[in-house]
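The chain contents come next:
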Amino acid sequence: MRLAIQQLTEEPGCDHNQKKTAEQKKEACKKPTPGATAGGCAFDGAQIVLLPVADVAHIIHGPITCCGQSYNNRGTRTTAGNLHQYGMTTDMSELDIVFGGEKKLKASVRHVAAKFKPKAIFIYSTCVTAMTGEDIHTVAKEMTEELGMQVIPVDSPGFSGSKNLGNKFAGNALFEHVIGTKEPESIPMFPINLIGEYNIAGELYQVQPLFDELGITLFSKMTGNAAYEELCHAHRSKLSVVICSRALISIARQLDEKYGIPYFEGSFYGMGETKRTLMSIAEQMGSDLLKRKVEELTARKEKETYERLAPYLPKMKGKKVLVYTGGVKSWSVLKQLEEMGMEVIKSSTRKSTEEDIARILNYFEGNEDGLMPKGDGKTLLKYMKEYDADLFLAGGRNMYNAMKGQVPFVDVNQERHFAFAGYEGSVVLAQKICATLESPVFQLVKKPAPWEVSFG
Amino acid sequence: MVKIIDKPMAINPLKKSSLMGAVTAFLGMHRVMPLVHGAQGCMAFTKNFLTQHYREVTPMQSTAVFDIATIIGDDSNLHEGIKNVIDKQKPDFIGLVTTGMTEVRGDDIKGSLIRFREKYPEYASTPVVPVSCPDFKGDAETGYAAACAATLSQFITPEVRRDYKTRKMVNILAGMHLTAGDIDWLRRVFEAFGLDVIVFPDLSSSMGGQVNHFYGLPEEGTSADMIKNMAHADFSIVIGGSMEASADILLERCTVPYKKFDTLTGLEASDEFISWLMDYTGKQAPNWLRIQRQRAVDALLDGHFSFGGKTFSIAGEPDLIYGLGRFFTKELGIRLETAVTTARSGKFENLPAENIIMGDLDDLEEFSKDSDFIVASSNAIPMCHRVHKPLYKAGYPIKDYLGHFHRTFIGYYGAMQLAFDIGNICMTLDIEKSGH
Ligand code: SF4
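Residues numbered from 1 in each chain as written. Chains lettered and ligands numbered in written order. Predicted model: local features only at pLDDT ≥ 70, side-chain atom pairs only at ≥ 80, totals over all residues. Heavy atoms only, no water.

## Points about the domain arrangement of chain A
Residues and elements named next belong to chain A. Our working rule: Domain boundaries shown here were taken from an automatic or database domain assignment. Any pair of residues with heavy atoms lying within 4.5 Å of one another is described as a contacting pair. Buried area: the accessible area, evaluated with a 1.4 Å probe, that two parts lose upon being put together, summed over both parts. In the sections that follow, a salt bridge refers to a side-chain nitrogen of Lys or Arg positioned within 4 Å of a carboxyl oxygen of Asp or Glu. Think of a polar contact as two N or O atoms within 3.5 Å of one another; within protein, one of them needs to be a possible hydrogen donor and the other a possible acceptor, and neighboring residues in sequence only count if both atoms come from side chains. The way it works is that DSSP assigns letters per residue, a run of H or I at least four long becomes a helix, a run of E at least two long becomes a strand, and they are numbered from the N terminus.
Per the domain assignment, the segments of chain A are domain 1 (5-13 + 39-175), domain 2 (191-307) and domain 3 (311-445). Put simply, the middle of domain 1 and the middle of domain 2, counted by C-alpha atoms, are 28 Å apart. Taken together, the 27 residues of domain 1 in the interface contact 25 residues of domain 2. In this assembly, domain 1 packs against domain 2 so that about 2,100 Å² is buried in total across both faces, 62% of it on carbon and sulfur atoms. For the pair domain 1 and domain 2, the number of links is zero salt bridges. In this structure, the connection of domain 1 to domain 2 is made through seven residue pairs in polar contact (both at pLDDT 80 or more). Looking at the side of domain 1 that touches domain 2, the elements with two or more residues in it are helix 4 (42-50) and helix 10 (163-177).

## A few points about the domain arrangement of chain B
Put simply, an interface is often sized by how much accessible area is lost when its parts join up. Residues and elements named next belong to chain B. Quick reminder of the rule: Ten residue types, Ala, Val, Leu, Ile, Met, Phe, Trp, Tyr, Cys and Pro, are classed as nonpolar, four, Asp, Glu, Lys and Arg, as charged, and the remainder, Gly among them, as polar.
Looking at the assigned domains, one finds that chain B contains domain 1 (18-143), domain 2 (169-287) and domain 3 (292-434). Of the residues lining the interface, 23 residues belong to domain 1; the matching set on domain 2 comes to 22 residues. Between domain 1 and domain 2, a total of about 1,900 Å² is buried, with carbon and sulfur atoms accounting for 69% of that surface. If you look at where domain 1 meets domain 2, you find zero salt bridges. Linking domain 1 with domain 2 are eight residue pairs in polar contact (both at pLDDT 80 or more). Mapped by element, the contributors of at least two residues to the side of domain 1 that touches domain 2 are helix 1 (18-27), strand 3 (32-37) and helix 6 (140-155). When residues in the side of domain 1 that touches domain 2 are grouped by element, the largest group, six residues, is from helix 1. Within the side of domain 1 that touches domain 2, the residues separate by chemical class into 13 nonpolar, six polar and four charged.

## Re the interface of chain A and chain B
So the rule is basically this: The pairing criterion for strands is at least two bridges between them, as found by DSSP.
Each partner contributes to the interface: chain A provides 63 residues, whereas chain B provides 66 residues. Carbon and sulfur atoms supply 60% of the area that chain A and chain B bury against each other, a total of about 5,300 Å² over both sides. On the chain A side of the contact with chain B, A:Gln69, A:Tyr400 and A:Lys404 bury the most area, a combined 15% of that side's loss. Seen at the junction of chain A and chain B, the total is five salt bridges. With its nearest N and O atoms 3.5 Å apart, the salt bridge here joins B:Glu366 to A:Lys115. The interface formed by chain A and chain B contains 26 residue pairs in polar contact (both at pLDDT 80 or more). Elements supplying a minimum of two residues to the side of chain A that touches chain B: helix 4, helix 5 (65-68), strand 2 (88-89), helix 6 (94-99), helix 7 (102-116), helix 8 (127-131), helix 19 (377-386) and helix 20 (399-404) of chain A. It is helix 7 of chain A that contributes the most residues to the side of chain A that touches chain B, seven residues altogether. Split into classes, the residues belonging to the side of chain A that touches chain B amount to 25 nonpolar, 27 polar and eleven charged. Two strands pair when backbone bridges link them, and strand 2 of chain A and strand 2 (residues 10-11) of chain B are joined in this way by two bridges, in the antiparallel orientation. Bridging from a neighbouring strand, A:Thr89 pairs with B:Ala10 of strand 2 of chain B.

## What about the site of the ligand?
Basically, it comes down to this: The cutoff for a nearby residue is simple: one of its non-hydrogen atoms must lie within 4 Å of the molecule or strand.
Surrounding the ligand, one finds A:Cys41, A:Phe43, A:Cys66, A:Thr126, A:Cys127, A:Gly158, B:Ala39, B:Gly41, B:Cys42 and B:Phe45. Nearby residues around the ligand are contributed by chains A and B. The dominant element in the shell around the ligand, judged by the number of residues it contributes, is helix 2 (residues 40-54) of chain B, at three residues. Residues that form the shell around the ligand fall into these classes: seven nonpolar, three polar and no charged.

## Some remarks on the environment of B:Pro286
Residue and element names in this part refer to chain B. Just so we agree on the cut-off: Burial classes: relative accessible area under 20% of the type maximum marks a residue as buried, over 50% as exposed, and values in between as partly exposed (1.4 Å probe, protein chains only).
Its location among the elements puts proline 286 in the loop between helix 11 (267-281) and helix 12 (287-307). We classify proline 286 as buried; its relative accessible area is 16%. With 94 residues separating them along the chain, proline 286 and alanine 192 place their C-alpha atoms 6.6 Å apart. Excluding anything up to four places from it in sequence, proline 286 contacts Ala192 and Phe193.

## A closer look at unusual backbone geometry
Here the residue pair A:Met222 and A:Thr223 is connected by a cis peptide bond, since its omega of 5 degrees sits within 30 degrees of zero. Of note, A:Thr223 is situated in strand 6 (residues 216-223). At A:Asp388, a position not held by glycine, the phi torsion is positive, near 55 degrees. Positionally, A:Asp388 belongs in the loop between helix 19 and strand 12 (391-394). The exposure class of A:Asp388 is exposed, given its relative accessible area of 54%. Notably, B:Ala64 is not glycine yet its phi reads approximately 50 degrees, a positive angle. Relative to the elements of secondary structure, B:Ala64 occurs in the loop between strand 4 (61-62) and helix 3 (76-89). A relative accessible area of 1% places B:Ala64 in the buried class.

And the structure:
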């Protein structure tokens, strides 16, 4: 297993590693600092990728922390099933650890197969089961034979690394055990893989109609609103579009190497990016008809959207935003905000690839002041004050930091309830931003208490 | 009789690990950093969980044990973690919480801490309280209680007893099931009887929203000085069976006697508590408390039309479900179909339930077919949607719901509020049934 982990961290398609010297590599993949760390573990990352597949069961092999403190907590939406709402774990006890938990894991797989009749079962290793040497691969193999149902091992012990590494583990499991295991009955005209889009708060639903109208088929969605079956068919797509640049580029690369499916990175945050992404698809498909359709559709949508945005734009114009998010969002959201006339004062570069950073820099016209490495709540609030920012846009982890600083905040995290993708998403985002900026609360909370007012 | 369901696994676990409970306890202590010794995911999940529950900044850290092969028998992550926390945050002390991983590895925490002290004398002024929290044993409530007991063992030194007749100061050993609303009520009652209190731990102050600036360490909870002062109290009261070990430490080391209340929920439990306070202080109950009792009685009368003939099921940690379950059955007269819990502690086995199960929310779903409503954490929301039953939220976590932590579930006030809440659920069911 150690070998496997090493191989994954040296992922050549992971562009933040590709062009680097050994020294830089060490820096980029550096270990978290004990006593000063924030992110989740590799198991968390693996679940982010796989859990949206809701017609398969997900069994976490380990003691209670991994499942008990994490389940029922994702903003992903789906119509393919409801198993993503279930937390399933072998809940290892002390005795299980002493005597080995493989029997229990097998019994759990049988139980889940009988009770839920899922399309397949993913089993995840975690810190404790990886340390005690539980062999989930053999269990998976045996159970696949016994049940006649795919049981798929996911190596994801938390101690092996960060969430990003876990994303890769998940991608690896999909590539090794799922993709290419079935053949589709028919292949549509323009089939694409959409990789790294998890339908958080229903973002996929916001862009799906665009694809429908263009006649492009989201043949295999990894993994927002995905059914298991379509994941098996991914090798028959003509193109992969990777939405989160760093996490799952490995699948796209493997699909390219093994099946000759080209890939590129896209985004649906903002009208410009949405258009660029759709146009790239049309170009890669080599269809002039499709290109014309994209032109027409995006022009119409942009016009419509600007009309819908009209009441909001004056309120947002020139307002200053601090952005603290990760990966592809760190630059695509900037463009989305720019389209709405807002001014971003700083954006974070955590979890960003070199390309992401280059794009952020591009936005700030080369001024490195715009870049913000990792920051804790205190630093972020300090920037808000220093730059006299009007709005803080970040993940949920910072929501209550923002409230302690009494600054207007818009949430862009995993558990949120609002979707910001495509044309529809820009309108929703504008509505959210205006509602927050206009909230009377922020004035009111600054009012002194009666006993803070001095008389005379 | 406690039922064990023949199932090899947990589906929709009710149980949270002991490390989550231990971290929660430390969040109720002033300027204490909970430091989770393990890979970083355990801390990240727990932080996310508690942040959503309290809707507050929840400081905690991890020793971020990485690559397992290089660190067996190695102190470096633990030592570096402690040093970094002290350098950056300057906590009054550190609550060091282990995980399943470090427990399986057989880390010798005590030995490692001794080596830390030898190697880094410059950090000597910051105490570290270690708590063993293997997540393959116990539940959140046991972890919470263990963190409290570990803290007291470290800070309470044997004291010579002084004057027994002062009767001025009482320790409140507050179980994990208590809310800020509950603790506020207790403070007010004790004040009315002329007693000073130390609430330990005090999540109402640290996680209740009164800290109005950004903080890197929990503030306003029980301070180290207050904890040391607990040795000088005249009495301790224990709320929730799980907290008895803490009271025992104070009794054994400093002969502070104690009284245990398994629950303060409901009219009878409140009466017993107030009677004890009247005996202890020789004082009469204040007028506002009498009014609260009358209102509680009136609420029970108003609600009883709809309580009768109803059935419910409940899931949660032992201390929590004992109090609510007892009140709903014995005082409201609602039938208890199934009680699901996570550990064999406290008094929950005395509940008049048809099924008492050590299990998960899947068991609750399975064994609540006759129930009109469900009492559980917000993790039961998907289940209640599936079976179309109202959910009364109680326990951990309560997500996507404002103000739960400020509701009161104990005392006369809590009895009144619970009677109203449950009465409203029952009345709505009646109205729906009658086809309006
Ligand atoms: S760090 Fe390990 S034990 Fe903790 S949640 Fe992640 S996989 Fe589970």
